[in-house]
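Chain and residue survey
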Amino acid sequence: MPTRMIRMIYALLLSSVFSVFACANNSSHDTTKISASVSEGDGDVTLTLPAGFHASVFAENLGSARHIAVNSNGDVYVKLQGLKDGKGIVRLRDTNGDGKAEEKSGFGDFAGTGIAIGNSYLYASSDEEVFRFKLDASGNVADPDHPEKIVTGLLSRHEHEAKAIALDNDGNLYVNIGAYSNSCQVQDRQKGSPGMKPCPILDSAGGIWKFKADKPNQTYGDGVRYATGLRNVVGLNWNTQTNTLFVMQHGRDQLHDLFPDLYDTKQSAELPAECLYELHQGSNCGWPYIYYDQVQHKKILAPEFGGDGKKTAGEDAQDPVFSFPGHLAPNGLLFYTGSQFPEKYKNGAFVVFHGSWNRAPEPQAGYFVVFVPFKDGKPVGNWEVFADGFSGGAQFTASGRAKHRPCGIAQSPDGSIYVTDDTKGTVWKISYGNK
Amino acid sequence: MIYWIRLVVVTGLFLIGISAWTIAPLQSKLQASIDRGKIIYTQQCLSCHMMDGGGVQSMNPPLIRTKWVLGDKADLITIVLKGMNSGVEIDAVQYHNIMASHADLSDQQIADVLTYIRNGFGNKAKAVTEAEVKTVRAKTH
């Protein structure tokens, strides 16, 4: 066998092997690796806050921590979207005042998002029902195994199923029933499928329903549709200064996916606005027929209903009181009534943005808490980022692979605020002044 | 003796060489399908399943190392053709969002995009062929 031939075969073999390797390399893809960096004080991420504020990790690893409520005695209750050790509510208690919860206990055998305290009761929701637990004179849940069922039989159809709740001061309970649809098309999220007019979803979802806070076993017929034309609301809060309910709507998705000829990916990433509405009995916020364009400052006819990105519509729908860029996912809302924070925060709104997914292929955004100053019940000035850094850094924000996704917010009796995270179940306590 | 060793070694190398020679075109065919599939993925799938195939927490399922992607090809093809509104559970996490039907894509486009996701994001599974999509489409009508 001539040496030359052996060399040729070797060369052939090597080049084949290389070409196979080259193919393999081309078909492998970058996946985001998340490595934990631990910094003292606030867990595996460092929150950035305005000067004078500081954050501590109040609790960690709770599970998917959604909304949060604080009792007048300082006890903190967190609602979990998935059961942890068979429990759907966690009570946290800081027994020595160090800004960390020393006691943790679970109860409630239902998962969900909503939680609120009023009239010596703790209210909490599953995705179909609202329950309440009596709080005794010392502020403890009197009978954790036997809650009273207040509302039952609410629709939950795999989309916008979280039932966020709020209480007013007149014995009423407000429940979000999210639309099980993106834009009320005949076939949800199907390119080319037309919008349904009238939208049949609005009879039983896509709005806020009002129930009696103390009447057991209510369902649709017992409550009233308080506000309609709201695609989905997770962040909501009763404003005690205006005595009205404010809600943050999650705006519609996929303008580019469904209408690539009308919207490019950049427009689709920014539109439509995430809107803050002040509600009254009979409010209509326009979904699915219109969306609010925060660039044009107009209510625009939705493309499923004949819109082209410019035609205005929705003369019967109310305007938002404030609007934010699209897809940031407002999951928490709190009007600050405490005295601990500087004067500018008094009566203003904190909005917790869970962070986007529907901005792809543009970089994702959100995963922060913002502040909007209010005067006489109206927003004044622009919004500003209050707490950031939950994601773990700019690259985690852009990829959407955030380490933490902020969700719920509540004020403690001392004027501090708590913020939850439903990715890892961290609860931060944010305070102003000396540690 | 040396002659025999040399003969065995050379014959072995020759056989490996021939098999590599025949694998190479198959590999480039696979790569071409993956490349076309990536373009389809970017246009049709990325906005929900994300650039890295990791999906979205509680909403859109990940495509990485899951039986839904790496398992039965006919089941996977059916999901693309008919969409999905039942929700799925992967690693004890529920994913709720509806997936639209993509029956408007051609058999070749569906084969390409599925070959892409079965070989992207750290996945490794056999290619999906145009013929396989055609067979499943005929049954689902």
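Quick notes on the rules
Residues numbered from 1 in each chain as written. Chains lettered and ligands numbered in written order. Predicted model: local features only at pLDDT ≥ 70, side-chain atom pairs only at ≥ 80, totals over all residues. Heavy atoms only, no water. Helix = DSSP H or I, 4+ residues; strand = E, 2+ residues; numbered from the N terminus. Buried < 20%, exposed > 50% of the residue type's maximum accessible area, 1.4 Å probe, protein only. Contact = heavy atoms within 4.5 Å. Areas by Shrake-Rupley, 256 points an atom, 1.4 Å probe, with all protein chains shown as cover. Rg over C-alpha atoms; globule rule 2.2 N^0.38 Å. Phe/Tyr/Trp six-rings, centres within 6.5 Å; stacked < 30°, edge-to-face > 60°. pLDDT = per-residue confidence, 0-100. Disulfide = S-S within 2.5 Å. Salt bridge = Lys/Arg side-chain N within 4 Å of Asp/Glu carboxyl O. Pairing = 2+ DSSP bridges. Axes fitted to C-alpha atoms, helices over the stretch in contact; angles between N-to-C directions. Core = buried A, V, L, I, M, F, W, Y, C linked by side-chain atoms within 4.5 Å. Expected span 1.5 Å × (residues − 1). Parallel < 35°, antiparallel > 145°, perpendicular 65-115°, else oblique. Left-handed = near helix turned anticlockwise from the far one by under 90°. Nonpolar A, V, L, I, M, F, W, Y, C, P; charged D, E, K, R; others polar.

Attention shifts here to the overall build of chain A. Scanning chain A from terminus to terminus reveals four helices and 29 strands. Its C-alpha atoms put chain A at 100 × 55 × 45 Å along the principal axes. Across the 435 residues in chain A, those meeting the buried criterion constitute 57%. Contacts in chain A between residues far apart in sequence, at least 24 positions, make up 58% of those at least 6 positions apart. As displayed, chain A offers around 17600 Å² of accessible surface, 50% of which is attributable to carbon and sulfur atoms.

Within chain B, the secondary structure is distributed over six helices and two strands. Secondary structure elements of chain B occur, N-terminal to C-terminal, as α-α-α-α-β-β-α-α. A compact globule built from 141 residues should have a C-alpha radius of gyration of about 14 Å, whereas chain B, at 20 Å, is more than 25% larger. Along the first, second and third principal axes, the C-alpha atoms of chain B reach 70 × 35 × 25 Å. Residues classed as buried in chain B amount to 43% of the 141 residues present. Counting only carbon and sulfur atoms, one obtains 64% of the accessible surface of chain B, whose full area is about 7700 Å².

Now for the packing of aromatic side chains. All names here are of chain A. Evaluation of the coordinates by the stated rule reveals 36 aromatic pairs over all chains. Ring geometry for F53 against F386: centres 5.0 Å apart, planes inclined by 85°, an arrangement best described as edge-to-face. Separated by 333 residues along the polypeptide, F53 in strand β1 (residues 53–59) and F386 in strand β26 (residues 384–387) bring together distant segments of the chain. Relative accessible area serves as the criterion here: at 2%, F386 is assigned to the buried category.

On to the confidence of the model for chain A. Per-residue confidence for chain A averages 91 on the pLDDT scale, and 90% of its residues sit at or above 70. Under a pLDDT of 50 for its full length, residues 8–41 of chain A has, in the predicted model, 50 contacts with residues more than four places off or in other chains.

Bringing the state of the cysteines into the picture now. Note on terminology: a disulfide is the covalent bond linking the sulfur atoms of two cysteines. All chains considered together, the criterion is met by one disulfide over all chains. Left unpaired, C407(A) is separated from the closest cysteine sulfur, that of C275(A), by 19 Å. Of all cysteine sulfurs, the one in C48(B) lies closest to C45(B), which takes part in no disulfide; the gap is 8.8 Å.

On to the pattern of salt bridges, then. Residue and element names in this part refer to chain A. This model, assessed by the stated rule, comprises 23 salt bridges over all chains. A salt bridge links D222 to K215, with the nearest nitrogen and oxygen atoms 3.9 Å apart. By relative accessible area, K215 is classed as partly exposed at 38%. A salt bridge links E304 to R252; the shortest N-O distance between them is 2.7 Å. Of this pair, E304 sits in the loop between β19 (298–301) and β20 (322–324) while R252 sits in the loop between β15 (244–249) and α2 (255–258), and the two are 52 residues apart along the sequence. Residue classification places E304 among the buried positions, given a relative accessible area of 7%. Judged by its relative accessible area of 4%, R252 is buried. Through salt bridges that share partners, D75, R91, R93 and E103 make up one connected network.

With that settled, the discussion passes to the sheet that holds strand β8 (residues 130–134) of chain A. All names here are of chain A. Reading across the sheet, the four strands line up as β6-β7-β8-β9 and stay open at both edges, with antiparallel pairing between neighbours. Strands with a single pairing partner mark the edges of an open sheet, and in this sheet they are β6 (115–118) and β9 (148–151). Geometrically, the sheet is characterised by an average inter-axis angle of 30° between neighbouring strands, direction not taken into account. Where β8 lies against β9, three bridges are found, and the strand directions are antiparallel. Of the residues in β9, the one forming a bridge with F131 is K149.

All names here are of chain B. If you look at the biggest cluster of nonpolar residues, it comprises 28 residues, and the most contacted ones within it are Y41, I77, I110, L114 and I117. Contributing elements (two or more residues each) for this core: α1 (2–44), α2 (46–49), α4 (73–82), α5 (107–119) and α6 (130–140). Sort the elements by how many residues they give to this core and α5 lands first, with six residues. Beyond its immediate chain neighbours, meaning those up to four positions away, L114 contacts L76, I77, V80 and V128.

What follows concerns α5(B). Residues and elements named next belong to chain B. End to end, α5 covers 18 Å across 13 residues, agreeing with the expected 18 Å (1.5 Å per residue, within 8%). Burial analysis of α5 places 11 of its 13 residues in the buried class, the great majority of the element. Those residues of α5 lying buried are D107, I110, A111, D112, V113, L114, T115, Y116, I117, R118 and N119.

Moving on: the pairing of strand β3 (residues 76–84) of chain A. Residues and elements named next belong to chain A. In terms of strand pairing, strand β2 (residues 65–70) meets β3 through four bridges, oriented antiparallel. Note that in β3 the partner of A69 across the bridge is Y77. What sits between β2 and β3 in their antiparallel hairpin is a turn of five residues, with G74 showing a positive phi close to 95°. Summarising the sheet, β3 and strand β4 (residues 87–93) pair through five bridges and their orientation is antiparallel. Note that in β4 the partner of V76 across the bridge is L92. The hairpin formed by β3 and β4 contains two residues between the paired strands, and D85 there has a positive phi angle of roughly 55°.

Before going further, it helps to spend a moment on the packing of α4(B) against α5(B). When two helices pack together, their arrangement is given by the angle between their axes and by how far apart the axes lie. Residues and elements named next belong to chain B. The geometry of α4 relative to α5 is characterised by a closest axis approach of 11 Å and an angle of 120° between their N-to-C directions. Between α4 and α5, the interaxial angle falls into the category oblique. Considering how the two elements wind past one another, α4 and α5 form a crossing that is right-handed. Residues K73, L76, I77, V80 and L81 of α4 form the contact with α5, whose own contacting residues are I110, L114, I117 and R118. By residue class, the composition of the contact of α4 with α5 is seven nonpolar, no polar and two charged.

The next subject is the packing of α5(B) against α6(B). Residues and elements named next belong to chain B. The interhelical angle for the contact between α5 and α6, taken along N-to-C directions, is 115°, at an axis separation of 8 Å. For the crossing formed where α5 meets α6, the hand is right-handed. Facing D107, Q108, I110 and A111 of α5, the residues of α6 in contact are E130, V133, K134 and R137. A class-by-class count of the residues in the contact of α5 with α6 yields three nonpolar, one polar and four charged.

All names here are of chain A. With respect to topology, four strands assemble into an open sheet ordered β2-β3-β4-β5, the strand pairing being antiparallel. Looking at strand neighbours, the two that pair on one side only are β2 and β5 (103–107), the edges of this open sheet. Neighbouring strand axes in the sheet, compared pairwise and without regard to direction, differ in orientation by 25° on average.

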